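Chains, contacts and geometry: an overview
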Amino acid sequence: MDLKSLYREIINEHNLHPAHKHDLEGATADHRGVNPSCGDDIRLQLKIKDGVIEDAAFVGSGCAISQASADMMIDLIVGKSTEEAMTLADGFMRMIQGKADDAEIEALEEAAALQSVSKMPARVKCAELGWRTLGKTLAEGAAEGEGHQPHC
Amino acid sequence: MNQALQDIRGDFPILAGSDLIYFDNAATTQKPRQVLDAVVNYYNTQNANPLRGLYGLSVAATEAYEGARETVRAFIGAQSASEIIFTRNATEALNLVAYSYGRTRVKAGDNIVIAVSEHHSNILPWQMVARETGAELRYLECGPEGQYPEEQIDSLIDERTAIVAVAQVSNVLGVSLPVESIIAKAHSAGAVVVIDGAQSTPHAPVDVTALDADFFAFSGHKLLAPMGIGVLYGKETLLEAMPPFLSGGEMIEYVTREDATYAELPHKFEAGTVNAGGAVGLAAAIDYLTDIGLEAVAAHETALTARMMTALKAIPHVSILGSDDPADHHGIVSFNIEGCHPHDVASILDTDGICVRAGHHCAQPLLAHLGIGAACRASVYLYNTEDEVDRFAAALENVRKELGYGS
Ligand SMILES: Cc1ncc(COP(=O)(O)O)c(C=O)c1O
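The notes below deal with the structure included here. (Residues numbered from 1 in each chain as written. Chains lettered and ligands numbered in written order. Predicted model: local features only at pLDDT ≥ 70, side-chain atom pairs only at ≥ 80, totals over all residues. Heavy atoms only, no water.)

The next thing to look at is the overall build of chain B. Helix and strand counts for chain B stand at 13 helices and 15 strands. Its C-alpha atoms give chain B a radius of gyration of 22 Å, near enough to 22 Å, the size a compact globule of 407 residues would have. With the C-alpha coordinates of chain B rotated into their principal frame, the extents come out at 75 × 55 × 35 Å. Evaluated residue by residue, chain B yields a buried proportion of 59% over its 407 residues. Within the structure as shown, chain B displays about 15,500 Å² of accessible surface, and the carbon and sulfur contribution to it stands at 51%. (Helix = DSSP H or I, 4+ residues; strand = E, 2+ residues; numbered from the N terminus. Rg over C-alpha atoms; globule rule 2.2 N^0.38 Å. Buried < 20%, exposed > 50% of the residue type's maximum accessible area, 1.4 Å probe, protein only. Areas by Shrake-Rupley, 256 points an atom, 1.4 Å probe, with all protein chains shown as cover.)

Here it is, written out as structure tokens:
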């Protein structure tokens, strides 16, 4: 898919009308993710019960790719176990690095459309932000912290 | 269009026969054949390690290298070629001053004055000096259009000011800083002045002697020269008294096991094998620009900038940063589109074959001061055309729609 189509068909909708961009009441885990070079800045909130992500949401601001990617990610991980979510986050990072196999990419459902971003080095960090923050949130459990990616 | 600029596009192999609209000239410029040929010719016919030569070829290399230094001297109006030090780029030139002059001369209780609109390359070295010496780092604060009030210059620079370091032209707003009054005030307070000429030198004639700058830095790659060659000008009396920045080969007079005496200026500050090919390329770039005339270059840029600003102002949701006067932009037009992140704007423009910069432009304190997170920047140079500006404006008009807005 060329970039304009990617925006038109997928990114714009998630960016302008995100389903999961709001505060989450009763969140059990909370993590901030920042791309200092772009000003992308999100706060991911998860409600985890018995090892399952019952609900998730994010707030923040940034470019369309970062916001849409986080929204699609939440579509995918709600209802999944934390292990499954971790595997999906790994798969997404591998896809963006151009290393994922077909099965890993397929498991990402709509977010698989972001595969073409792997060829745009300047935008890779935007696409990764939500997923990287998810990985950090799950790795640290309910602990608060920040996921930074330095640049320039 | 000026006669001298009519047919120059063919001189630039990367642009010739290409539809690409290259509007990222403030980041780096394209290179004309004349510059590339000069570099190739140096390596084909003159290459040896300069300054070491006991044989003819090395003498030829030395002559090419020192000839380039003389071209730079004349270009910026320095008194003596020994005041011209070749560096890798403006960043290295600024660091040279910070390390060799700043760290040794600035004392606790002194202050260093810089401007909030500086490029990170003219901020971080001074943060380092302030931290290490216990000096205070002071910022001149600009208004929304990048203007610096005289009263502030008068009040901020005082008898404890050791160094004032400012750009001649901002890389985000394109606006000129009032360097003449800054230099006058600094000198009356006994401070030395470091001018970052990275964005001014490519666009307007520079005369460091008339300006009375103590140090002046610029990069070759922003004025048609290859990457990896830059210049530090420094007043001879200041450079003489400074310790070397880097040490090693080519910068010594005599070395014993314990000690060394340093070479004369400028070689004291050029440790190791030099970038002779780059210096030759820089000289060729200067010759190319002076043949056309920097006044003609500036007039062309201002005309393109005026056209661009008029077109952008007519597009709803687009706002231009900085002055309303195109002549005060030095070819730089930074802008934002309401509701659209600059990185998304740049990505969409890229699909239309248009290269613009987006982000913080290595000037985060300025963007924070202006209350914006990031911006897009289109910057033109002598080879850009009115047609490119029109195509750019037409593409920009569609960006909001491409990003999902109704209009
Ligand atoms: C105003 C200014 N100063 C310094 C620099 C640093 O130049 P360079 O990266 O060539 O060292 C730049 C260019 O990016 C600039 O625009």
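Time to look at the overall build of chain A. Along the backbone of chain A there are five helices and four strands. Traced from its N-terminal end to its C-terminal end, chain A shows the element sequence α-β-β-β-α-α-α-α-β. Taken over the C-alpha trace, chain A has a radius of gyration of 14 Å; the compact-globule value for 152 residues is 15 Å, and the two agree within 12%. Viewed in the frame of its principal axes, chain A has a C-alpha envelope of about 40 × 35 × 30 Å. Counting across all 152 residues of chain A, residues that qualify as buried make up 52%. Taking the intrachain contacts of chain A between residues at least 6 apart in sequence as the baseline, contacts between residues at least 24 apart amount to 61%. Carbon and sulfur atoms make up 49% of the accessible area of chain A, which totals about 6,600 Å². Taken together, the 15 basic and 26 acidic charged side chains of chain A have centroids lying 7 Å from each other. (Contact = heavy atoms within 4.5 Å. Lys, Arg positive; Asp, Glu negative; His and termini not counted. Charge placed at Lys NZ, Arg CZ, Asp CG, Glu CD.)

For the rest of this paragraph, the subject is the sheet that holds strand β8 (residues 230-234) of chain B. Residue and element names in this part refer to chain B. With respect to topology, seven strands assemble into an open sheet ordered β2-β8-β7-β6-β5-β3-β4, the strand pairing being mixed. The sheet is open, and its two borders are formed by β2 (84-87) and β4 (136-140), each paired with just one other strand. Between one strand axis and the next, the sheet turns by 20° as a mean value, whatever way the strands run. Note that β2 and β8 share four bridges and pair antiparallel. Each bridged residue has a counterpart across the sheet, and for T87 the counterpart in β8 is G230. (Pairing = 2+ DSSP bridges. Axes fitted to C-alpha atoms, helices over the stretch in contact; angles between N-to-C directions.)

What follows is about the sheet that holds strand β14 (residues 357-359) of chain B. The pairing of strands in a sheet happens through backbone hydrogen bonds and is either parallel or antiparallel. All names here are of chain B. On the basis of which strands lie adjacent, the open sheet formed by four strands has the order β11-β12-β15-β14 and antiparallel pairing. In this open sheet, the two edge strands, each paired with only one partner strand, are β11 (318-320) and β14. Across the sheet, the axes of successive neighbouring strands diverge by a mean angle of 30°, strand direction being ignored. Across the sheet, helix α10 (residues 294-313) is in contact with β11, β12 (332-337) and β15 (375-379); its angle to β12 comes to roughly 10°.

Our focus in this paragraph is the environment of B:E150. Residue and element names in this part refer to chain B. The residue E150 is located in helix α5 (residues 150-156) in this model. When sequence neighbours within four positions are dropped, the list of residues in contact with E150 reads P178 and S181. Side-chain polar atoms of E150 contact the side chain of S181, separated by 3.0 Å. (Polar contact = N/O pair within 3.5 Å; in protein donor to acceptor, adjacent residues only side chain to side chain.)

On to the environment of B:A204. All names here are of chain B. Take A204: it is sitting in the loop between β6 (192-196) and α7 (208-211). With a relative accessible area of 25%, A204 lands in the partly exposed category. Taking the C-alpha atoms as reference points, A204 and E295, separated by 91 residues in sequence, lie 6.6 Å from one another.

So, about the packing of helix α1 (residues 33-45) of chain B against helix α9 (residues 276-292) of chain B. Two numbers describe a pair of packed helices, the interaxial angle and the distance between the axes. All names here are of chain B. Running from N to C, α1 and α9 point in directions that differ by 145°, and their axes come no closer than 8 Å. In the packing of α1 onto α9, the handedness of the crossing is right-handed. Residues Q34, V35, A38, V39, Y42 and Y43 of α1 lie in contact with α9, whose contacting residues are A276, G277, V280, G281, A284, A285 and Y288. (Left-handed = near helix turned anticlockwise from the far one by under 90°.)

Turning next to the site of the ligand. All names here are of chain B. Around the ligand sit N89, A90, T91, H119, S121, N171, D196, A198, Q199, S219, H221 and K222, and that is every residue in its neighbourhood. Interatomic distance of 3.5 Å between a side-chain N/O atom of N89 and an oxygen atom of the ligand. Side-chain polar atom of S219 to an oxygen atom of the ligand: 2.6 Å apart, as the coordinates give it. For the ligand, whose free accessible area comes to 390 Å², the fraction covered by protein is 87%. (Near = heavy atom within 4 Å.)

Turning our eyes to something else, we now look at the interface of chain B and chain A. On the side of chain A, 17 residues touch chain B, which itself brings 15 residues to the contact. Summed over both sides, the interface of chain B with chain A buries roughly 1,400 Å², with 53% coming from carbon and sulfur. For chain B, the biggest contributors to the area lost against chain A are B:H343, B:D344 and B:E402; these three give 34% of the whole. For the pair chain B and chain A, the number of links is three salt bridges. Between B:D344 and A:R123 there is a salt bridge, with its nearest N and O atoms 2.8 Å apart. Applying the counting rule to chain B against chain A returns nine residue pairs in polar contact (both at pLDDT 80 or more). (Buried area = accessible area lost by both parts, 1.4 Å probe. Salt bridge = Lys/Arg side-chain N within 4 Å of Asp/Glu carboxyl O.)

Residue and element names in this part refer to chain A. With 14 residues, helix α2 (residues 64-77) extends 20 Å between its outermost C-alpha atoms, agreeing within 8% with the 20 Å of an ideal straight helix rising 1.5 Å per residue. Burial analysis of α2 places 13 of its 14 residues in the buried class, which makes it a mostly covered element. Downstream of α2 by a residue or two, G79 has a phi angle that is positive, lying close to 95°. (Expected span 1.5 Å × (residues − 1).)

Another aspect to go through is the layout of surface pockets. In this structure, the largest pocket encloses a volume near 640 Å³. Along its surface, the largest pocket is lined by 25 residues, and A:A122, B:H343, B:A346, B:V356 and B:A358 are the ones closest to its centre. At the level of elements, α5 (121-139) of chain A together with α11 (342-351), β13 (354-355) and β14 of chain B are the ones that each hand at least two residues to the lining of the largest pocket. Here the lining of the largest pocket takes five residues from α11(B), the largest share from any one element. Looking at the second largest pocket, it is lined by 27 residues, and the ones nearest its centre are B:T91, B:H119, B:S121, B:H221 and B:K222. By residue number, the principal contributor to the lining of the second largest pocket is helix α3 (residues 90-105) of chain B, which donates three residues. Residue contributions to the lining of the second largest pocket reach at least three from each of two domains, namely domain 1 (5-28 + 294-402) and domain 2 (36-290) of chain B. (1 Å grid on protein atoms, 1.4 Å probe; cavity = no way out; pocket = protein on both sides within 12 Å on 5 of 7 lines; lining within 4 Å. Points joined across faces, edges and corners; volume = space filled by probe spheres on them. Domains from an automatic or database assignment.)

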